[in-house]
Structures are given as C-alpha cells and as structure tokens.
Amino acid sequence: MKRQGSVSQSLALVAVLGLGGSLATAPAAAEERRTPQAEWGQCPDDVVAEAAPTELQCATVPVPLDYADPEGEQIDLSVSRLAAADPDKRRGVLMLNPGGPGGSGLALSALLVAQGLPTSVTDRYDLIGMDTRGIGHSTPVSCGFTTDSPYYSNIPPYAVDDAAVTAQAKVAEQAAEQCADNDRDDRLRHLTTANTARDLDRIRAALDEEKTSYLGYSYGTALGAAYASMFPERADRIVLDSNIGATHLDRDGLRRYALGMEQTLPDFAKWAARRHDSYGLGRTPQQVRASYLTIAGRLDKAPVAGIGGSLFRLLTFGHLFKQTQYPQLAQTWQAMLEGDEAAARDLSAAQKTADGALSPNDNALTVFLSVTCNDVEWPEDVTAYRQGVAEDRERYPLFGAATANITPCAFWPYTPTEPPVKIDAEGPRNVLLLQNRRDASTPHRGGKMLREKFGDRARLVSVDDSGHGVYVLGNNSCALNTTTRYLVEGEMPTKDALCRAD
C-alpha cells in the first residue's frame, strides 16, 4: 500500500536494515544448497576499464528480490574477484563495500591495490567487490532523475529561512512521487540494509565459504554492522572504516554531517591561512572561516553564474573529504570571493546541465533514497524540519541548515517492512572500528556510537587525522599497520587506541 511519507566526491559523493524478527529464515544448510556456486568469467567492459591494469573476474549471483518470498522473483547481483596471490597463504574471502548507499564496488579491489593495499592482505584473501542490489550491474533501479532535475543531491540545499524549507518540501515531494511513478517493477521497497546484508550471506554461500571477512567504508559500516549482527557465526574479521554510528542512516545521522563539517573545516582553514598570499582567503584560520561565511552570504543574495550559497556550501563539504582536494577548493573560494563569473560558469556547467538527459547520478541518487527511506521512518511534518533547520543554523552555522532540511523520505511512498537491524553485542570479538577524529560526513562520534553498541565485540582505533577513509585511503602509518595486523594475523587491539598524526 502506498502512502505519503558512501567514499566519493562532489555532488554525487553523498550518495547511507533486516527481515529477521517476524519472518522465519531457512536453515543454513538448506540455504546453501539452494545457492548456485559462482561461475567466474570476464567483467563488463566499464569495470575492466576502471580496474585496469588489475585484472578481475566477475560472476552473477541470483538472490530473492523479497526475502519474505525466497522462491519468488530473483534479481542478479554482479560480483568481482581478485584472487589471493598466494594460494598457500590463502585464508578466505574479504568482501568490500565503498559506501553510499549507491556506490559501485566492482572495481574497489583494484582501487585499494592501486592505493597501496599491502601484499600480505592480497596474498591471503580473495578480494570480493560487488554492486549491491539496485546498483550498476546488479539489477539497477531508477527514479528517472535528469540533468535539469531540481533534485540533484542527497543532501538538501541550505535553507536560509522558513520559506526555503517550504520550497524544498515541494521538491522533495515531487522527487518521492517520481520514484514511485518510475518503480514499475515494484523493486524500490526491497532496497534495505537488512536485505543487502542477506545478499552478502547469499554471496558467501555462492563462493562456498563457511565465513567471510569484510571491509566497509562510510555507509559500508552500516552494512557491515548489520551483517555482523545478523550472521555473527559467519562473520570472520570485520573492519568498519568511517562509521555512521548505526545500521542505518536516519535524520539524526544526516544532521551529524553538519557536526563533521564544523570539526573538519578548521583543517582546511589552517591550510589556506598558510597560503594567504596565494589565495587571499585569510591570514588566520578564523579569517578563513569568516571568508566562507561572507562568500556564502553573498551568494545567497546574488548567485554568480548559477552558483548560489547552497551549492557553494555543498561543494565545500564535498571537497573536505580529502586533503588532496584543498587546492581546488581554495581556487573555488577565491573565484567566488572575487566574483569571477567565468570561473563560476565553468564550475556551474561541471555540476549541472539543462539538456534534460538522464542524470549520470540517477542510479546513485535512487539507491541512496530507497535504502535510507526504507530502513527507518522519517518525520512527515514539515514543521519538524523547519524547527530542525532553525536549531542547526545556530548550532552548526557552516552547514546545519542544509543537513537538517527536508528530504524525500518525508514523502516516501513505502513504509519500512521491519525495524532497523539491532546491533548484536553477544557475538565474537571481531569488529575493528576505524575513525578519523575529523571527518566531514562521518564525524568521530559515529565511531564512538558503534563502539558502545558493539560493546566488547569491538575495538575503536581513533586517528588524529582529517578526511573520509582511514585504511589505505588515508596516510596514517599506525592505522595502516594496526588494520593489516588484524586482517593478516587476527591481532585485535587489547583496548581502544589512538593513532597520533604522522
């Protein structure tokens, strides 16, 4: 019955739970007998190109669209494998997830290898990437968002006042209706974190493995936490990197993005202050922060070549994910501060076009919305969002009036079919949590939240660093060594640890 109700970058970056309680599941042995073994072959051309020069194999694993009807409609999941380099040392499989929800992971193993994943890990594990249900090559879904659509980011626009919240509510409602209208195969309602965790276990069975290890980033931590809770006896070594704090993304989780930006912008401000003579953004971190507020305020009143205050804030948020993006961010600020219309036109054209073609981000936007809205109930009263925006505009002045703004989840056409997956603190001690102390989209609080929920099952490694992604994607030697020791030797820290800045 219908009703009203990541690791990436820039506008597509924010692109995040169980059938358990009320529905019986088949015994493990019967489940595995029903799961056909994966047959490896050539990967799709785009995956081959993205993974080059690393050579991957790919396979298709069928899973139920609806686990309440396991013998009903099946959908195909596309899975990749980078086989363990040393068969004599092979331990098993290490499943990978890049986050989102909505991120393609088929070539993630190649990316990690290119970024320096230690050979001690690649010797011991088959690295298993995948497009999870609804994504890319895995029976993709679409809301039909186009390049000129008013809905173009999973983070709402910054609301300068109550009227802006009301205006965004119309955009959000239209987006939800558009998803419902395009859901002709009735698949969107089945995109949940819990169903995706069940898919992971079907993949494990198709690989003929008794257990699976797991490395997930960003939203991938929610998926990994759900899997470790739903299938604790099948979870081997679990690494959750850049945690959102739960097995789902809810309104409070989205609002924590603003906390993350408050904690992370000072790193960019220090960097820019040391380069004032080049970029002119301020000689002190305080002056750089003031430049941000000045630019955003000006653009709220008078956009430059299509770049308004909302888009400027969103671009800043996205560029705080990696310190390597700081120079480009400084260029953007400089152009906006100087009112450079030519630079603004180039930037605007790179973000959005008006040709009405299907947006390249449509699939990611659709999956993010479906999983996030299906996992948990969101407030439906626009007044709640007006109040939240007013609170967070004061509490988190950099970005709070964006992340507290209304989303299509307020008007989503489907109700959650089950509650979010509850963290199981009774399983084995096998969950290693990694968290930078300053991270725009997954602030340190998320790691602490998950550590508390997992109890003695987990250990938290906090890293005195900035950015999104710790293991291999970051540059901290302590975090790299600690995680590699765990994956290779099974050596879990005896207590929570702090990795100091290199």
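Scroll up a little and you will see the structure.
Scoring rules and cut-offs
- Within each chain, residues carry numbers counting from 1 in the order of the written sequence.
- A pLDDT threshold of at least 70 governs which residues receive local features in this predicted model, and a stricter bar of 80 or more applies before side-chain atom pairs are shown or counted, although totals over entire chains, interfaces and linings include all residues.
- Side-chain numbers here rest on the full set of heavy atoms in the structure, without hydrogens or water.
- Strands here are runs of E lasting at least two residues and helices are runs of H or I lasting at least four, both read from the DSSP assignment and numbered beginning at the N terminus.
- C-alpha atoms define the radius of gyration, and 2.2 Å times the number of residues to the power 0.38 defines the globule rule.
- Each residue gets one of three labels from its accessible area relative to the maximum for its type: buried under 20%, exposed over 50%, partly exposed in between, using a 1.4 Å probe on protein chains only.
- Computed with a 1.4 Å probe, the accessible areas rest on the Shrake-Rupley method; for each residue, only the protein chains presented here act as cover.
- Positive charges are assigned to Lys and Arg, negative charges to Asp and Glu, while His and the chain termini are left out of the count.
- Each charge is placed at NZ for Lys, CZ for Arg, CG for Asp and CD for Glu.
- Residues belong to one nonpolar core when they are buried, are Ala, Val, Leu, Ile, Met, Phe, Trp, Tyr or Cys, and are joined through side-chain atoms within 4.5 Å.
- Working rule for contacts: check all heavy atoms of both residues, and any pair within 4.5 Å makes them a contact.
- Only centres within 6.5 Å qualify two rings of Phe, Tyr or Trp (six-membered ring in Trp) as a pair; their planes then separate them into stacked at under 30 degrees, edge-to-face at over 60, and tilted for everything else.
- Two conditions define a charge sitting above a ring: the NZ of Lys or the CZ of Arg must be within 6 Å of the ring centre, and it must be within 35 degrees of the ring normal.
- Paired strands are those between which DSSP finds at least two bridges.
- Convention adopted: a line fitted to C-alpha atoms gives each axis, helices being fitted over their contacting stretch, and angles between N-to-C directions are expressed from 0 to 180 degrees.
- Any cysteine sulfur atom paired with another within 2.5 Å is treated as part of a disulfide.
- Lining residues are defined by having an atom within 4 Å of a point belonging to a cavity or pocket. Those points lie on a 1 Å grid over the protein atoms alone, cavities being sets where a 1.4 Å probe fits but cannot get out and pockets being open sets with protein on both sides within 12 Å along at least five of seven lines.
- Grid points are joined across faces, edges and corners, and a volume is the space filled by probe spheres set on the points.
- Gly is placed with the polar residues, together with every amino acid not listed as nonpolar (Ala, Val, Leu, Ile, Met, Phe, Trp, Tyr, Cys and Pro) or charged (Asp, Glu, Lys and Arg).

**Notes on the overall build of the protein**
When its secondary structure is counted, the protein shows 18 helices and nine strands. The C-alpha radius of gyration of the protein comes to 22 Å, within 12% of the 23 Å expected for a compact globule of 502 residues. Taking all 502 residues of the protein together, the buried fraction comes to 59%. When the accessible surface of the protein is totalled, it reaches about 19700 Å², and 48% of it is carbon and sulfur. For the protein, the distance from the average position of its 50 positive side-chain charges to the average position of its 65 negative side-chain charges is 7 Å.

**Description of the nonpolar core**
Ranked by size, the top nonpolar core spans 117 residues in total, and within it L240, F268, F312, W333, F399 and F454 carry the most contacts. It is helix α8 (residues 251-273) that provides the largest number of residues to this core, a total of 11 residues. Setting aside anything within four residues of it in sequence, one finds F399 in contact with I155, Y158, A258, M261, R313, L314 and F317. With 34 residues, the next largest nonpolar core counts L96, L108, Y471 and C499 among its residues.

**Some remarks on the packing of aromatic side chains**
When we look at a pair of aromatic rings, we describe it by the centre distance and by the angle of the planes. Within this structure, the stated rule accounts for 14 aromatic pairs. With a centroid separation of 4.9 Å and an interplanar angle of 20°, the aromatic rings of F317 and F399 are classed as stacked. With a gap of 82 residues between them, F317 in helix α11 (residues 309-319) and F399 in the loop between α15 (382-395) and α16 (400-403) connect regions that are remote in the sequence. With respect to class, F317 is no different from F399; both count as buried. What links up through ring pairs into an aromatic cluster is the set F268, W271, Y279, Y292, F312, Y326 and W333. A cation over a ring is seen here: R251 above Y385, with NZ or CZ 4.6 Å from the ring centre. Directly above the ring of Y158 sits R313, whose terminal nitrogen or CZ lies 3.5 Å from the centroid.

**So, the sheet that holds strand β5 (residues 212-217)**
One open sheet holds the nine strands; their spatial order is β1-β2-β4-β3-β5-β6-β7-β8-β9, and the pairing between them is mixed. Edge positions in the sheet fall to β1 (57-64) and β9 (497-499), since each has one partner strand and no second. Each strand of the sheet is rotated relative to its neighbour by a mean of 25°, with strand direction disregarded. Bridging between strand β8 (residues 458-466) and β9 involves three bridges; their strand directions are parallel.

**A short note on the side chain of T316**
Note that T316 resides in helix α11. Take T316: its relative accessible area is 0%, and that puts it in the buried class. Apart from residues no more than four positions distant in its own chain, T316 is found in contact with M261, L265, Y292, L329 and W333.

**Side note on the state of the cysteines**
One pass over the structure, following the stated rule, counts four disulfides. Here C478 is linked by a disulfide to C499, with a sulfur-sulfur distance of 2.0 Å. When the S-S torsion is -60°, as for the bridge of C478 with C499, the disulfide is left-handed. Taken together, the residues span a long stretch of sequence, with C478 in helix α18 (residues 477-489) and C499 in strand β9 at a distance of 21 residues. When its relative accessible area of 28% is taken as the criterion, C478 is described as partly exposed. Once the bonded cysteines of the protein are numbered in order along the sequence, the disulfide links fall as 1-2, 3-4, 5-6, 7-8.

**With respect to the side chain of T221**
With respect to the element layout, T221 can be found in helix α7 (residues 219-230). In this structure, T221 is in contact with G216, L240, D241, S242, N243 and I244, ignoring residues within four places of it in sequence.

**Some points on empty space enclosed by the protein**
Here the largest cavity defines a volume of roughly 80 Å³. P101, T132, I135, T196 and Y219 are the residues nearest the centre of the largest cavity, which is lined by 13 residues in total. Put simply, the parts of the chain that give the lining of the largest cavity at least two residues each are α7 and α14 (362-375). A breakdown of the residues in the lining of the largest cavity according to their chemical character gives six nonpolar, six polar and one charged.

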